[in-house]
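Structure at a glance
What follows is each chain in one-letter form.
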Amino acid sequence: VHFTLPAGGVAVCGEMELSLSSVGSIVLGEELLWLHMHTSFMPVDRTPVHALRTATFSKADVDLADTDPRFRPDWKLTVHYCYTDESSNGEQGSRPAQLSQP
């Protein structure tokens with residue numbers, strides 16, 4: 001499954017929660033998984049500031065998915081992002097990030 005955010009993504013800074021809910025299951029609005037992330041802890045490397053980066057989370061890293069047999073043992077969630085503010089790359093504290101598609 002691949003989700004694409006409209007208009008090339010969404011800008012975020014600080015703490016965020018990714019949540020996926022089912023609307024077609026027996027339990028309406030069943031939350032399937034959630035993941036708390038903070039842009040301060042997104043991996044930083046030596047690629048250009050606006051370069052597309054990825055952060056991959058295994059099944060064990062994602063709440064609810066970690067114990068749900070509907071998610072295969074090798075299941076992963078990959079977030080594609082880039083930094084939007086050159087002055088914040090590599091500094092401590094919140095870094096603006098743009099969640100985007102590959």
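Here the structure is a predicted model, which means the values were calculated and not measured.

Thresholds applied
Per chain, residue numbering runs from 1 following the sequence as it is written. Only residues with pLDDT of 70 or above have their local features reported here, since the model is predicted, and side-chain atom pairs are shown and tallied only from 80 upward, although totals for entire chains, interfaces and linings are computed over all residues. Only hydrogens and water are set aside; all other atoms, that is, all heavy atoms of the structure, feed into the side-chain values. Every helix listed is a DSSP run of H or I at least four residues long, and every strand listed is a run of E at least two residues long, numbered separately from the N terminus. Burial classification: accessible surface area is computed with a 1.4 Å probe over protein chains only, and a residue below 20% of its type maximum counts as buried, one above 50% as exposed, and the rest as partly exposed. Neither His nor the chain termini are counted; the positive set is Lys and Arg, and the negative set is Asp and Glu. Each salt bridge in this description consists of a side-chain nitrogen of Lys or Arg and a carboxyl oxygen of Asp or Glu lying within 4 Å of one another. Throughout this description, a polar contact denotes any pair of N or O atoms lying within 3.5 Å of each other; where both atoms belong to protein, one of them has to be capable of donating a hydrogen while the other can accept it, and for residues adjacent in sequence the pair is counted only when both atoms sit in side chains. What counts as a ring pair is set by centres within 6.5 Å for rings of Phe, Tyr and Trp (its six-membered ring), and what kind of pair is set by the plane angle: stacked under 30 degrees, edge-to-face over 60, tilted for all other angles. Any two strands with at least two DSSP bridges between them are considered paired. Only residues whose relative accessible area exceeds 30% and that form no salt bridge are eligible for patches; like-charged ones are grouped when within 9 Å, while nonpolar side chains (Val, Leu, Ile, Met, Phe, Trp, Tyr) are grouped when within 5 Å. Calculation of accessible area relied on Shrake-Rupley with a 1.4 Å probe; when residues are assessed, cover is drawn exclusively from the protein chains displayed. A charge is said to be at NZ when it belongs to Lys, at CZ for Arg, at CG for Asp and at CD for Glu. It only takes one pair of heavy atoms within 4.5 Å for two residues to be counted as in contact.

This paragraph deals with the side chain of Lys59. Within the secondary structure, Lys59 is located in the loop between β4 (53–58) and β5 (76–83). Buried within the structure, Lys59 lacks any salt-bridge partner; Asp68 is the closest side chain of opposite charge, at an N-O distance of 6.7 Å. In this structure the side chain of Lys59 is engaged in a polar contact, spanning 3.2 Å, whose partner is the backbone oxygen of Asp68.

One pass over the full model with this rule turns up one aromatic pair. Residues Phe71 and Trp75 carry aromatic rings whose centres are separated by 4.9 Å and whose planes lie at 70° to one another, so their mutual orientation is edge-to-face.

Attention shifts here to the pairing of β4. Residues Arg53, Ala55 and Phe57 of β4 are buried on one face, while the alternating residues Thr54, Thr56 and Ser58, pointing to the opposite face, are not. Both β4 and β5 contribute to a ladder of six bridges, which runs antiparallel. Note on β5: the bridge partner recorded for Ala55 is Val79.

Now for a negative patch on the surface. The grouping of Glu15, Glu17, Glu31, Asp63 and Asp66 at the surface amounts to a negative patch. On the secondary structure map, Glu31 appears in strand β3 (residues 30–38). For Glu31, a relative accessible area of 35% puts it in the partly exposed group.

A few words now on the environment of Lys76. By the secondary structure assignment, Lys76 is in strand β5. Setting aside residues no more than four positions away along its own chain, Lys76 makes contact with Thr56, Phe57 and Ser58.

So, on to unusual backbone geometry. If you check the backbone angles, Leu64 has positive phi at about 75° while not being a glycine. Following the sequence through the fold, Leu64 ends up in the loop between β4 and β5. Accessibility expressed as a relative area gives 35% for Leu64, which makes it partly exposed.

With that out of the way, let us pick up the pattern of salt bridges. One pass over the full model with this rule turns up two salt bridges. Its salt-bridge partner being Asp68, residue Arg70 comes within 2.7 Å of it at the nearest N-O pair. Residue classification places Arg70 among the exposed residues on the basis of a relative accessible area of 53%. By relative accessible area, Asp68 is classed as buried at 11%. A salt bridge links Arg72 to Asp74; its shortest N-O distance comes to 3.0 Å.

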